[in-house]
Amino acid sequence: MIRHISRLRLTAFRNYASAALDLDARHVVLTGPNGSGKTNLLEAISVLSPGRGLRGASFDTLQAQGSDLPWAVAATIETDDGPADIGTGALPDGGRRVRINGANARSIEAMSDYLRVLWLTPAMDGLFSGPAGDRRRFLDRLVTTLIPGHSATVSDFEKAMRQRNKLLEEDGDPRWLAAIEAQMAELGASIHLNRTDSLTHLQALIAQSLDDTSFPAARLSLTPLFEDLVEPATSAELEAVLAQRWHGLRPLDRAAGRTTSGPHRVDLDVIHAQKSMPAALGSTGEQKALLIGLILAHARLVRLRTGIVPFLLLDEIAAHLDPDRRRALFAALDGLETQCFLTGTDPVLFEALEGRAQQIGVREGRLAHRG
Ligand SMILES: Nc1ncnc2c1ncn2[C@@H]1O[C@H](COP(=O)(O)OP(=O)(O)OP(=O)(O)O)[C@@H](O)[C@H]1O
Ligand SMILES: [Mg+2]
């Protein structure tokens, strides 16, 4: 059976006061005018995974304005082991909780036992030429889809780093500083190895499937953690080197007012493989196609390594593709054997999907099956 969402329920989520949708295993096409709630619905599905969802928004902005109820998203996932009820929603402290089959989940990551989610949105259009931070977050999202704990490791690292920056500024106790640098080193080594591991596997899979994809292939690499650093082979060695580097960089970092190097500064280099050209130099359409190829390859990788095919959330992708590429995309989505959610303002864009998708109309925060 194809893993799929059979029922979705939103409460006080963005422009949805309350909405419910029953679905079968086919793809889901959401169409409606600008501002009707298409992207919001994809965002609701995206928060059924670790992290802050496809807008990276803080949880309190998900709250429907003018509603007294706390926001909540619930989904029934059909799996080979039967249905599972997954829900997440606001906690009074601004955080969120997760419920699985009627009980509080032991962690946010526990959702990943039932579903994984990947997305492409118009906000990612300038990814290859935009700021490094966006590419790093994109990479970390890919890694999190493979290694669910990665997202929490990244935020723990950032928390520790803010503490280090504060201690440097206040000229705090050097022993305390060393303890925090040790913690950063442990988290940082883990972040770095998660990233390099994931990229190695992704690159191998891209190389294998060069001939059977209509989308360009990417060559991916990370910029160095530190200039002039020869990367140690083991995690323990990397940890030791990181702690040592940060210790040595204290005067410089104190003057700069921040931690100047480490995994939080690494960039993802992307090359259009067939053209041997930096991705940023491609045309708008080429960059889009490269990004689609990357997401499709990653979805296959997640399936291969975890046995769970991610749900794909594709916000306004079809509109940018010529009819041939669009057909190729739809064929690739079918090949993944997962439920894909696609949005657009015009149902005509999805005609080539014919009976392979269910059509949902979105209007002012209300959902209805079409036709
Ligand atoms: N917290 C919130 N409470 C209520 N409404 C919100 C909230 N956040 C966003 N909205 C509104 O939800 C509406 C739908 O937004 P959404 O991004 O889903 O539209 P869309 O259908 O994707 O439109 P487009 O075709 O322009 O991309 C917008 O009018 C937006 O202002
Ligand atoms: Mg939208």
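Reading the values: rules and limits
- Residues numbered from 1 in each chain as written.
- Chains lettered and ligands numbered in written order.
- Predicted model: local features only at pLDDT ≥ 70, side-chain atom pairs only at ≥ 80, totals over all residues.
- Heavy atoms only, no water.
- Phe/Tyr/Trp six-rings, centres within 6.5 Å; stacked < 30°, edge-to-face > 60°.
- Core = buried A, V, L, I, M, F, W, Y, C linked by side-chain atoms within 4.5 Å.
- Buried < 20%, exposed > 50% of the residue type's maximum accessible area, 1.4 Å probe, protein only.
- Domains from an automatic or database assignment.
- Contact = heavy atoms within 4.5 Å.
- Near = heavy atom within 4 Å.
- Polar contact = N/O pair within 3.5 Å; in protein donor to acceptor, adjacent residues only side chain to side chain.
- Areas by Shrake-Rupley, 256 points an atom, 1.4 Å probe, with all protein chains shown as cover.
- Nonpolar A, V, L, I, M, F, W, Y, C, P; charged D, E, K, R; others polar.
- Buried area = accessible area lost by both parts, 1.4 Å probe.
- Salt bridge = Lys/Arg side-chain N within 4 Å of Asp/Glu carboxyl O.
- Helix = DSSP H or I, 4+ residues; strand = E, 2+ residues; numbered from the N terminus.
- Axes fitted to C-alpha atoms, helices over the stretch in contact; angles between N-to-C directions.
- Parallel < 35°, antiparallel > 145°, perpendicular 65-115°, else oblique.
- Pairing = 2+ DSSP bridges.
- Expected span 1.5 Å × (residues − 1).
- Left-handed = near helix turned anticlockwise from the far one by under 90°.

## Looking at the packing of aromatic side chains
Thinking step 1. Tallied over the full model, the rule gives five aromatic pairs.
Thinking step 2. An aromatic cluster is present here, built from Phe13, Phe59 and Trp71 joined pairwise through their rings.

## A look at the nonpolar core
Thinking step 1. Core analysis: the biggest nonpolar cluster contains 111 residues, and Leu312 and Leu333 have the highest contact counts within it.
Thinking step 2. The residues that make up this core include at least three from each of domain 1 (1-116 + 308-371) and domain 2 (128-307).
Thinking step 3. Not counting chain neighbours up to four residues away, the residues in contact with Leu333 comprise His27, Leu296, Leu312, Leu314, Thr338, Cys340 and Leu342.

## Concerning the site of ligand 1
Thinking step 1. Close to ligand 1 lie 16 residues, the nearest being Gly35, Lys38, Thr39, Arg55 and Gln63.
Thinking step 2. In this structure, Arg55 approaches ligand 1 through a side-chain N or O atom, which is 2.8 Å from an oxygen atom.
Thinking step 3. One of the backbone N or O atoms of Thr61 is found 3.1 Å from a nitrogen atom in ligand 1.
Thinking step 4. Taken by itself ligand 1 offers 650 Å² of open surface, and the protein chains cover 69% of this.
Thinking step 5. For the shell around ligand 1, a count of residues per class yields two nonpolar, 10 polar and four charged.

## Remarks on the domain arrangement of the protein
Thinking step 1. Split into domains, the protein comes out as domain 1 (1-116 + 308-371) and domain 2 (128-307).
Thinking step 2. The partner domain 2 presents 21 residues to the 23 residues of domain 1 that form the contact.
Thinking step 3. Of the roughly 1800 Å² buried at the junction of domain 1 and domain 2 (both faces included), carbon and sulfur atoms supply 65%.
Thinking step 4. When the buried area of domain 1 at its contact with domain 2 is split by residue, Arg116, Ile308 and Leu336 rank highest and sum to 29% of it.
Thinking step 5. The tally of links between domain 1 and domain 2 comes to one salt bridge.
Thinking step 6. Between Glu337 and Arg303 there is a salt bridge, and its shortest N-O distance comes to 3.5 Å.
Thinking step 7. The tally of links between domain 1 and domain 2 comes to six residue pairs in polar contact (both at pLDDT 80 or more).
Thinking step 8. The greatest single-element share of the side of domain 1 that touches domain 2, amounting to seven residues, is contributed by helix H8 (residues 323-336).
Thinking step 9. By residue class, the composition of the side of domain 1 that touches domain 2 is 12 nonpolar, five polar and six charged.

## A closer look at the side chain of Arg195
Thinking step 1. Summarising the element assignment, Arg195 is placed in helix H4 (residues 174-208).
Thinking step 2. One polar contact links Arg195 to Asp140, side chain to side chain, over a distance of 2.9 Å.

## A closer look at the packing of helix H2 (residues 132-146) against helix H3 (residues 150-169)
Thinking step 1. In the contact formed by H2 and H3, the axes pass within 8 Å of each other and the chain directions differ by 135°. For the element pair H2 / H3, the angle class is oblique. Packed against H2, whose contacting residues are Asp140, Val143 and Thr144, the element H3 presents His150, Ser151 and Val154 at the interface.
Thinking step 2. Considering only residue class, the contact of H2 with H3 consists of two nonpolar, three polar and one charged.

## Focus on the pairing of strand S8 (residues 117-120)
Thinking step 1. Covered by surrounding structure in S8 are Val117 and Trp119 together with Leu118 and Leu120, the residues of both alternating faces.
Thinking step 2. Pairing of S8 with strand S12 (residues 311-314) involves four bridges; the strand directions are parallel. Its bridge partner being in S12, Trp119 is matched across the sheet by Leu313.

## What to know about H8
Thinking step 1. For H8, which comprises 14 residues, the first-to-last C-alpha distance of 20 Å matches the rise-based estimate of 20 Å (1.5 Å per residue) to within 8%.
Thinking step 2. Those residues of H8 that fall on the buried side of the exposure criterion are Arg326, Ala328, Leu329, Phe330, Leu333 and Leu336.
Thinking step 3. Contacts from the buried residues of H8 go to strand S3 (27-31), helix H7 (284-306), S12 and strand S13 (340-344).
Thinking step 4. Once H8 finishes, Glu337 follows within two positions and takes phi at roughly 55°, a positive value.

## Notes on the sheet that holds strand S1 (residues 4-13)
Thinking step 1. Pairing in this open sheet of six strands is antiparallel, and the strands run S2-S1-S4-S5-S6-S7 from one edge to the other. Either end of the sheet is taken by a strand with one partner, and the two such strands are strand S2 (16-22) and strand S7 (103-104).
Thinking step 2. As paired elements, S1 and S2 share six bridges and run antiparallel to each other. Bridging from a neighbouring strand, Phe13 pairs with Tyr16 of S2.

## What to know about unusual backbone geometry
Thinking step 1. Positive phi, normally seen in glycine, also occurs at Asn101, with a value near 50°.
Thinking step 2. Note on Asn101: relative accessible area 43%, which makes it partly exposed.
Thinking step 3. For Glu337, which is not glycine, the phi dihedral falls at a positive 55°.
Thinking step 4. With respect to the helices and strands, Glu337 occurs in the loop between H8 and S13.

## A closer look at the environment of Glu181
Thinking step 1. Within the secondary structure, Glu181 sits in helix H4.
Thinking step 2. Along the chain, Glu181 and Leu367 lie 186 residues apart, while their C-alpha atoms are 50 Å from each other.

## A look at the packing of H3 against H4
Thinking step 1. The N-to-C vectors of H3 and H4 enclose an angle of 150°; their axes lie 9 Å apart at closest approach. What the angle tells us is that H3 and H4 run roughly antiparallel. For the pair H3 and H4, the sense of crossing is left-handed. Contacts between H3 and H4 involve His150, Thr153, Val154, Asp156, Phe157, Ala160, Met161, Gln163, Arg164, Leu167 and Leu168 from the former and Trp176, Leu177, Ile180, Glu181, Gln183, Met184, Leu187, Gly188, Ser190, Ile191, Asn194 and Arg195 from the latter.
Thinking step 2. Among the residues making up the contact of H3 with H4, the classes are represented as 12 nonpolar, seven polar and four charged.

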